[in-house]
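The residues making up each chain are set out below.
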Amino acid sequence: MNDHTSAPDEPVTGDALTQPFAGASPYDTYVHASVLNSLQHPLTEAPDEMGFLVTTQVMELWFTLIVHEWRTARVAFAKDDLPAAMDALERSRRALKALGGSWAPIAALTPARFNGFRAAFGQASGFQSAMYRHMEFLLGDKSAGLLRAHRGDPAVYEALAETYREPSLYDEVLAYLHRQGLPIPQHVRERDVTTPYTGDLGVVAAWRHVYAGPSCHPLLALGELLTDIAELVTRWRFEHVLVVRRAMGARAGSAGSAGLVWLEERAARRVFPDLWEVRGDV
């Protein structure tokens, strides 16, 4: 027995893990971690600003993934490929759960801590997020005014305008239901897709038929998955309200927004309203 403590041996690794990289590592080349890690530029010495920046940037990445999955689902519905559409919606459901958890690093900001860096971002405001606007347009919550706000950035504006002009995810769901034999009204199927979708009694009746049928029916599973997505979007919005209420109360928001009042109004807008209406009839 040795009378001294020896240092533990280094873990045995394969030669491939210890060879010097010829430039950036393959991991960084694929993930671009060095780019992501270079995008945080706090403008103050406030200890909470870094968390605010990272939280916001992480949410933007989740928005990007969710938009990708909803577009994938929309294409699948147009091709009558329900399994592929459900897969994409399920992936988006998991991403929405992660998005909701993204508030944690800044959820307990006090007014004093928030004021430590609030002035630094000037006229910047979360409602200016183009990727979040893509999400809302894909949900059927179209707005010509919120689209016009992005005219100053031609590439961003045109990409968002395309989403604005196209059928929403829910429009494609309803078209799919019609092709499956459900009585989706003609005026819904031929409506102007650039206007907000606020629900329709005829569509509620179609969903009522689905919910009155077998509990294992694929269309019932679709209705429940869409309801999950609607709930998670709503929970994220209300969590946003709570974070803002805790950090700044009812004061006016940045960029001239009404702050809490505006967020509360947006949070109250129902996602896929027909699916909530039908639940009172089952």
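Bear in mind the structure is a predicted one, so any value in this text is a computation, not a measurement. (Residues numbered from 1 in each chain as written. Predicted model: local features only at pLDDT ≥ 70, side-chain atom pairs only at ≥ 80, totals over all residues. Heavy atoms only, no water.)

Q: Could you clarify how one ought to interpret the pattern of salt bridges in this entry?
A: Oppositely charged side chains can form a pair if their charged atoms are brought close together. For the structure on display, the rule yields 18 salt bridges. Note that E69 is salt-bridged to R91, the shortest N-O span being 3.0 Å. A residue pair is termed long-range when its members are at least 10 positions apart, and E69 in helix α4 (residues 49–78) and R91 in helix α5 (residues 82–101) qualify at 22 residues. Judged by relative accessible area, E69 falls into the buried class, the value being 6%. Several salt bridges converge on common partners, so that one network encompasses R133, E136, D141, R237, E265, R266 and R269. (Salt bridge = Lys/Arg side-chain N within 4 Å of Asp/Glu carboxyl O. Helix = DSSP H or I, 4+ residues; strand = E, 2+ residues; numbered from the N terminus. Buried < 20%, exposed > 50% of the residue type's maximum accessible area, 1.4 Å probe, protein only.)

Q: When you look at α5 in this model, what are you seeing that I'm missing?
A: In an α-helix, one turn spans 3.6 residues; hence positions three or four apart end up facing the same way. Here α5 is 20 residues long and its end C-alpha atoms lie 29 Å apart, about the 28 Å a rise of 1.5 Å per residue gives. Of the residues making up α5, those classed as buried are L82, A85, M86, A88, L89, S92, R93, A95, L96 and L99. Summarising the contacts, the buried residues of α5 are in contact with α4, α7 (130–138), α10 (169–179) and α13 (218–248). (Expected span 1.5 Å × (residues − 1). Contact = heavy atoms within 4.5 Å.)

Q: Looking at this model, I keep getting lost on the packing of α7 against helix α9 (residues 154–165). Mind explaining?
A: Describing two packed helices takes the angle between their axes plus the distance from one axis to the other. Here α7 crosses α9 at 10°, and the two axes come no closer than 9 Å. By the angle between their directions, the pair α7 and α9 is classed as roughly parallel. Every residue of α9 that contacts α7 at A130, R133, H134, F137 and L138 is listed here: V156, A159, L160, T163 and Y164. When the residues that make up the contact of α7 with α9 are grouped by side-chain class, the tally is 7 nonpolar, 2 polar and 1 charged. (Axes fitted to C-alpha atoms, helices over the stretch in contact; angles between N-to-C directions. Parallel < 35°, antiparallel > 145°, perpendicular 65-115°, else oblique. Nonpolar A, V, L, I, M, F, W, Y, C, P; charged D, E, K, R; others polar.)

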